[in-house]
Amino acid sequence: MVATGRQLVLFQAAIELLVSTQITTPNLIADREAKLLARYAMHSSESAGRVHPEIEHLMRGPFQRDRDRVLHSSAFRRLSGKTQVFTGQGDYHRTRLTHTMEVASIARTIGRSLRLNEDLIEALALLHDIGHPPFGHAGEEALDEMLKHDGGFSHNKFALTLVEELEQRYPTFPGLNLTAEVLGGQKRRVDKQQSDGQHSPLLEVQVVDLADSITYNAHDVDDAVELGWLRIDELLELPIMAKCHESVLQKFGKLEGDVLRRALVHELVNLQVAHLIYESQQTLIELETLSAREVCETGVRLEIAGPLAEHKAGLQKFLYARLYRHADLVRARREAQAKIKVLVEILEENEQELPEMFRSRCSTHGTRVSVVECIASMTDNTFLETYQRFAG
Ligand code: MG
């Protein structure tokens, strides 16, 4: 459709209006957040900023901008081709990308109920798994072993390498130049084990972590039942699933097959999210007057507590024993790990075959580290094609 002269004039006027509000737009964002968010939420106006200072955007706050930067990154797009759990089992179940989108959705629901900063939550959620190599945790273990004399490999740490160094999208700085809060949230994932336990992460960071766990429990149950690896009747022996079934019976009466599976998975998410929101609201009442940073100093932790926490742990234990160690999965993982190790060694001997971005890092970061970074950046299919080319 061709725009008329009048439409073009109106469009030009709209642009001029936006430009004329350049000075006040950050204030509008601050005002909006002051009205909608709790005091303890991380407000954009309290952000510690970016490593490379930038002029505020006309229409978007800093965390909105970070979300978009992650969304438009090449590493984010590659999540669509990376295994979540079910290596080599077709493509009807979750990938890293759909897992990430589900985490973002559930985390935003929790965040909105607690009046936290949804833009920050979404940026953190979209970022949280961006550093996963091909073939999920199996790929991570193999790369970690190949780097055991060079500091090891972790997907959480590699996410930071991607967004601070490897993504090249802007002419004036390397990486995405994300805000300190988004980078800090990801750094907490790296340092989880070394945390001193006194200061807690921002509430938005905690919500994304909790949403991640709620999400993968639920969708792994969903995918595993659909693949025929778990049966609904054995799941119903677990207290948490029995409770979900009670709710399903109350709402819909007796269901069977796929309809029952979907209703149970829906209840599994609903039960945990509702519990978490309720418990968190009780916890946060006493902290209502504190700022985001003051809340961190209290060391407060949002959590699923009491019997539900035990029942959730029971489900996780069951999934580890019955699903994550399923013979087909173990076999596919072992094959993937063997191929990864072979390709690391071949590329290390043939550094000239690396793409320029990784080849140029060999002299500063070491050849093996650069090879591992190159492989970690690949989708499952790109890895298999590359393996075929060099070792097939
Ligand atoms: Mg995750």
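See above for the structure.
J.: Could you clarify how one ought to interpret the overall build of the protein chain in this entry?
T.: The number of helices and strands found in the protein chain is 20 helices and zero strands. What you see for the protein chain is a C-alpha radius of gyration of 23 Å, in line with the 21 Å of a compact globule of 392 residues. C-alpha extents for the protein chain along the principal axes are approximately 65 × 65 × 55 Å. Burial status across the protein chain gives 48% buried among its 392 residues. Sequence-distant contacts, at least 24 apart, represent 73% of the contacts inside the protein chain between residues at least 6 apart. Summing over all exposed atoms, the protein chain offers an accessible surface of approximately 19500 Å²; the carbon and sulfur share of this is 53%.

J.: Please clarify how the coordination of the magnesium ion should be interpreted in this entry.
T.: Where a metal carries four tetrahedral donors, each ideal angle is 109.5 degrees; where it carries six octahedral donors, the ideal angles are 90 or 180 degrees. Here the magnesium ion is held by His99 (NE2), His128 (NE2), Asp129 (OD) and Asp212 (OD), and the distances to it run 2.2 to 2.4 Å. Each donor residue of the magnesium ion belongs to the same chain, with the gaps between them written as H-x28-H-D-x82-D. Here the residue histidine 99 occupies a position in helix H5 (residues 96-113), and aspartate 212 occupies one in helix H10 (residues 203-226), the gap between them amounting to 113 residues. Taken individually, histidine 99 and aspartate 212 each receive the classification buried, so the pair is uniform in this respect.

J.: How do you make sense of helix H20 (residues 380-391) when you look at a structure like this?
T.: The α-helix advances 3.6 residues per turn, and as a result positions three or four apart in sequence lie on the same side. An ideal rise of 1.5 Å per residue puts 16 Å on 12 residues; H20 measures up with 16 Å between its terminal C-alpha atoms. Where H20 is buried, its residues meet helix H16 (327-349) and helix H19 (367-376).

J.: Explain helix H6 (residues 118-127) here, please?
T.: With 10 of 10 residues buried, H6 is to be regarded as a mostly interior element. All of the buried residues along H6 are Glu118, Asp119, Leu120, Ile121, Glu122, Ala123, Leu124, Ala125, Leu126 and Leu127. A side-chain oxygen of the first residue of H6 lies 3.1 Å from the backbone nitrogen of aspartate 119; this N-cap is asparagine 117.

J.: Honestly, the packing of helix H7 (residues 136-146) against H16 in this entry has me stumped. Any pointers?
T.: A pair of packed helices is captured by two measures, namely the crossing angle of their axes and the spacing between those axes. Remark: H7 packs on H16, axes separated minimally by 9 Å, with the N-to-C direction vectors making an angle of 35°. Note on packing geometry: the crossing formed by H7 with H16 is right-handed. Each of Ala138, Gly139, Glu141, Ala142, Leu143, Glu145 and Met146 in H7 lies in contact with H16, whose residues at this interface are Arg333, Gln337, Ile340, Lys341, Val344 and Glu345. Residues that form the contact of H7 with H16 fall into these classes: six nonpolar, two polar and five charged.

J.: Even after reading the chapter, I still don't get the pattern of salt bridges, so can you show me in this structure?
T.: Pairing between side chains of opposite charge can happen when the charged atoms of each approach one another. Per the counting criterion, the structure on display carries 32 salt bridges. Its salt-bridge partner being glutamate 234, residue arginine 322 comes within 2.4 Å of it at the nearest N-O pair. With a gap of 88 residues between them, arginine 322 in helix H15 (residues 306-324) and glutamate 234 in helix H11 (residues 232-235) connect regions that are remote in the sequence. A residue is classified by how much of its surface remains accessible, and glutamate 234, at 10% relative accessible area, is buried. The partner of glutamate 373 in a salt bridge is arginine 361, and the shortest N-O contact between them spans 2.8 Å. With glutamate 373 in helix H19 and arginine 361 in the loop between helix H17 (356-359) and helix H18 (362-365), this residue pair connects regions lying 12 residues apart in the sequence. Of the two residues examined, glutamate 373 and arginine 361, each falls in the buried class. When salt bridges that share partners are traced, they join Arg60, Arg67, Asp68, Arg108, Arg112, Glu118 and Glu122 into one network.

J.: Could you clarify how one ought to interpret the nonpolar core in this entry?
T.: Side chains that are nonpolar tend, in soluble globular proteins, to be buried together. Ile110, Val221, Leu235 and Ile375 are the most contacted members of the largest nonpolar core, which totals 106 residues. Top contributing element to this core by residue count: H10, with 11 residues.

J.: How do you make sense of the packing of aromatic side chains when you look at a structure like this?
T.: Aromatic ring pairs are reported here in terms of the distance separating the ring centres and the angle at which the planes meet. All told, the structure shown has five aromatic pairs when counted by the stated rule. For the ring pair phenylalanine 135 and phenylalanine 383, a centre distance of 5.6 Å and an interplane angle of 90° mean the geometry is edge-to-face. Within this pair, whereas phenylalanine 135 is found in the loop between H6 and H7, its partner phenylalanine 383 is found in helix H20, the two being separated by 248 residues in sequence. Phenylalanine 135 gets classed as buried once you look at its relative accessible area, which sits at 7%. Residues tyrosine 320 and tyrosine 324 carry aromatic rings whose centres are separated by 4.9 Å and whose planes lie at 75° to one another, so their mutual orientation is edge-to-face. Taken together, the residues tyrosine 320 and tyrosine 324, both in helix H15 and four residues apart, mark about one turn of the helix. An aromatic cluster of three or more residues is present, and its members are Phe135, Phe383 and Tyr387. The side chain of arginine 69 reaches across the aromatic face of tyrosine 170, ending 4.7 Å from its centre.

J.: Explain the environment of glutamate 267 here, please?
T.: Note that glutamate 267 resides in helix H13 (residues 257-285). Here the alpha-carbon distance between glutamate 267 and alanine 242, two residues 25 residues apart in the chain, equals 11 Å. The contact partners of glutamate 267, leaving out residues within four places of it in the chain, are Cys244, Ser247, Val248 and Lys251. Among the polar contacts listed, one links the side chain of glutamate 267 to the side chain of lysine 251, at a separation of 2.4 Å.

J.: Where do I start with the side chain of histidine 155 in this structure?
T.: Relative to the helices and strands, histidine 155 resides in helix H8 (residues 155-166). Looking at histidine 155, its side chain comes within polar contact range of the side chain of histidine 132, at 3.4 Å. Apart from residues no more than four positions distant in its own chain, histidine 155 is found in contact with His128, Asp129, Gly131, His132, Pro133, His137 and Glu140.

The rules behind the values
Residues numbered from 1 in each chain as written. Predicted model: local features only at pLDDT ≥ 70, side-chain atom pairs only at ≥ 80, totals over all residues. Heavy atoms only, no water. Helix = DSSP H or I, 4+ residues; strand = E, 2+ residues; numbered from the N terminus. Rg over C-alpha atoms; globule rule 2.2 N^0.38 Å. Buried < 20%, exposed > 50% of the residue type's maximum accessible area, 1.4 Å probe, protein only. Contact = heavy atoms within 4.5 Å. Areas by Shrake-Rupley, 256 points an atom, 1.4 Å probe, with all protein chains shown as cover. Donors = N, O, S within 2.8 Å, 3.2 Å for Na, K, Ca; no water. Expected span 1.5 Å × (residues − 1). Polar contact = N/O pair within 3.5 Å; in protein donor to acceptor, adjacent residues only side chain to side chain. Axes fitted to C-alpha atoms, helices over the stretch in contact; angles between N-to-C directions. Left-handed = near helix turned anticlockwise from the far one by under 90°. Nonpolar A, V, L, I, M, F, W, Y, C, P; charged D, E, K, R; others polar. Salt bridge = Lys/Arg side-chain N within 4 Å of Asp/Glu carboxyl O. Core = buried A, V, L, I, M, F, W, Y, C linked by side-chain atoms within 4.5 Å. Phe/Tyr/Trp six-rings, centres within 6.5 Å; stacked < 30°, edge-to-face > 60°. Lys NZ or Arg CZ within 6 Å of the ring centre and 35° of its normal.

Read these as geometric descriptors, not functional statements.
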